[in-house]
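# Coordinate analysis (summary)
The residues making up each chain are set out below.
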Amino acid sequence: MQIGKQHRLAVILALGTAQTLGWGSTYYLPAILAGPMAADLGVTTGWIYGAFSVAMLLTAFIGPGVGQRIDRFGGRNILTLSSLIFAAGLALLGSATHLAVFVAAWLMIGFGMAIGLYEAAFATLAAIYGRESRSAITGITLLAGFASTICWPISALVDAEWGWRATCYVWAGAHLLIGLPLNRLMIPRELGDHITAPPPAMAQEDAPIFSRPMLLLAFAFAVTWITSTAMAAHLPRILEAAGASKTMAIAAAALVGPAQVAARVLEHTVLQRFHPLLSARMASITHPLGVGLLLIFGAPAAYLFTLLHGAGNGVMTIAKGTLPLVIFGPVGYGRRQGWLVAPARFGQAGAPFVFALLLEWYGQHVLLFTSGLCLAGFAAMLMLRTATAETAKA
């Protein structure tokens, strides 16, 4: 049965828009509001990022269970609930006058992130379209790749005019007026044949979670996501340490978003004909290549570095959704996705703090650490050649 074929573009547009809102109002929020929040609450920004890190840790624990539920029932209700939780969490965040309430608000937002961001959206698409989900996954990442480009200026503008609390309220309202209708009304109720088929077709769901391919993928995703998070938190400062002026550093860092989208367009067109493992391997070496150019040529290479980093990050985001689908199939996809990204979530939670220390100690040479992580991920991708073949035979 071909489910939702005629509505696929509408589903992609709806999920892509909801994901843009979800990422921009949660993951990218502290980059703009951490300073005003800390000043108002009378704490250092370390406490703000600490609360955010706790929220990230929560997503690692919740993810596998959420994915398993989407495998069985689809993601429509889960994503609808995420919009409500995002709205409630952001409203509570804007109302927080004590640190304890502030942390509680971030925990609520963290729960929303666990059930409402990429992993849940990818699993929802896999439940609807099965093995044909690759282009749909790429489509929503194309749209959501503009999350920081769109939402950072909005957050900064509202904060400048009315303060950080009003900014939280605005995003809470956006989830109710935009995210909620999109998730509830545009996602099909129907699921694919691989979900509705008789029990024998579900046998793959019981395949081992901690197999060699799973461990290699989990490691590769973890090291690349740690690098991505570290760059998101500290990129302008790293470029300044490499000799760029503050203006140049900000301008260069702003190229990450467009580079991500451009690379996703390339993956959606040219690379779509190849195995996603090829895309992932190429993406895992773009950051080290950019680092080499920056360390050799200094500030003049800042723009090229951010373009290469952004391009690799953009493709790896897609690979995190498509590689498990191609290697393991759509049955049990959500549960596997939850386990695959759990190590990455743990690493993501600590990356901003750890790399802040490394940046103080080593300056621009902190990029040698991120390059080492990406090269380790590339090695894991190379080892997946045999693992993928073995899985395909099974």
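The coordinates are above.
Throughout what follows, the structure given in this document is the object of discussion. Because the structure is a prediction, the values reported are computed rather than measured.

Definitions and limits used
- Residues numbered from 1 in each chain as written.
- Predicted model: local features only at pLDDT ≥ 70, side-chain atom pairs only at ≥ 80, totals over all residues.
- Heavy atoms only, no water.
- Helix = DSSP H or I, 4+ residues; strand = E, 2+ residues; numbered from the N terminus.
- Buried < 20%, exposed > 50% of the residue type's maximum accessible area, 1.4 Å probe, protein only.
- Contact = heavy atoms within 4.5 Å.
- Core = buried A, V, L, I, M, F, W, Y, C linked by side-chain atoms within 4.5 Å.
- Salt bridge = Lys/Arg side-chain N within 4 Å of Asp/Glu carboxyl O.
- Phe/Tyr/Trp six-rings, centres within 6.5 Å; stacked < 30°, edge-to-face > 60°.

Below, the discussion takes up the environment of Tyr 118. Relative to the helices and strands, Tyr 118 is located in helix 6 (residues 118-129). Since its relative accessible area comes to 8%, Tyr 118 is described here as buried. Remark: the alpha-carbon pair of Tyr 118 and Trp 23, spanning 95 residues in sequence, is separated by 8.9 Å. When neighbours within four sequence positions are excluded, Tyr 118 is seen to be in contact with Gln 19, Trp 23, Ile 140, Thr 141, Ala 144, Gly 145, Arg 264 and Thr 317.

Before going further, it helps to spend a moment on the nonpolar core. Met 37, Leu 93 and Phe 102 are the most contacted members of the largest nonpolar core, which has 64 residues in total. Considering every element that reaches this core, the biggest residue donor is helix 6, with nine residues. When sequence neighbours within four positions are dropped, the list of residues in contact with Met 37 reads Leu 29, Ile 48, Leu 93, Phe 102, Trp 164 and Cys 168. Counting residues in each nonpolar core, the second largest holds 23 residues, with Leu 235, Ala 244, Val 256 and Leu 359 among its members.

Here we take up the pattern of salt bridges. Counting across every chain of the model gives three salt bridges. Between Glu 132 and Arg 8 there is a salt bridge, with its nearest N and O atoms 3.4 Å apart. Here the residue Glu 132 occupies a position in the loop between helix 6 and helix 7 (134-144), and Arg 8 occupies one in helix 1 (residues 8-24), the gap between them amounting to 124 residues. Exposure remark for Arg 8: the relative accessible area of 12% places this residue in the buried category. Across the salt bridge formed by Glu 119 and Arg 345, the nearest N and O atoms sit 2.6 Å from each other. One end of the pair, Glu 119, is in helix 6; the other, Arg 345, is in helix 16 (residues 333-362), and 226 residues separate them in sequence. Take Glu 119 and Arg 345: they sit in the same class, and that class is buried.

It is worth spelling out the environment of Val 354 at this point. Checked against the element boundaries, Val 354 lands in helix 16. On a C-alpha basis, the gap between Val 354 and Ala 230 in space is 8.5 Å, while along the polypeptide they are 124 residues apart.

Turning to the packing of aromatic side chains, a few remarks are in order. We describe a pair of aromatic rings using the distance from one ring centre to the other and the angle between the two ring planes. On inspection of all chains with the given rule, the structure shows nine aromatic pairs. Note on Trp 23 and Tyr 27: the rings are 5.1 Å apart at their centroids and 80° apart in plane angle, and the pair reads as edge-to-face. Classification of Trp 23 by relative accessible area gives buried; the value is 6%. Of the residues examined, Tyr 27 reaches a relative accessible area of 10% and is grouped as buried. Ring centres 5.3 Å apart and planes at 90° place the aromatic pair Phe 61 and Phe 346 in the edge-to-face group. Of this pair, Phe 61 sits in helix 3 (residues 45-73) while Phe 346 sits in helix 16; the two residues are 285 residues apart in sequence, bridging distant segments of the chain. Residue classification places Phe 346 among the partly exposed residues on the basis of a relative accessible area of 38%.

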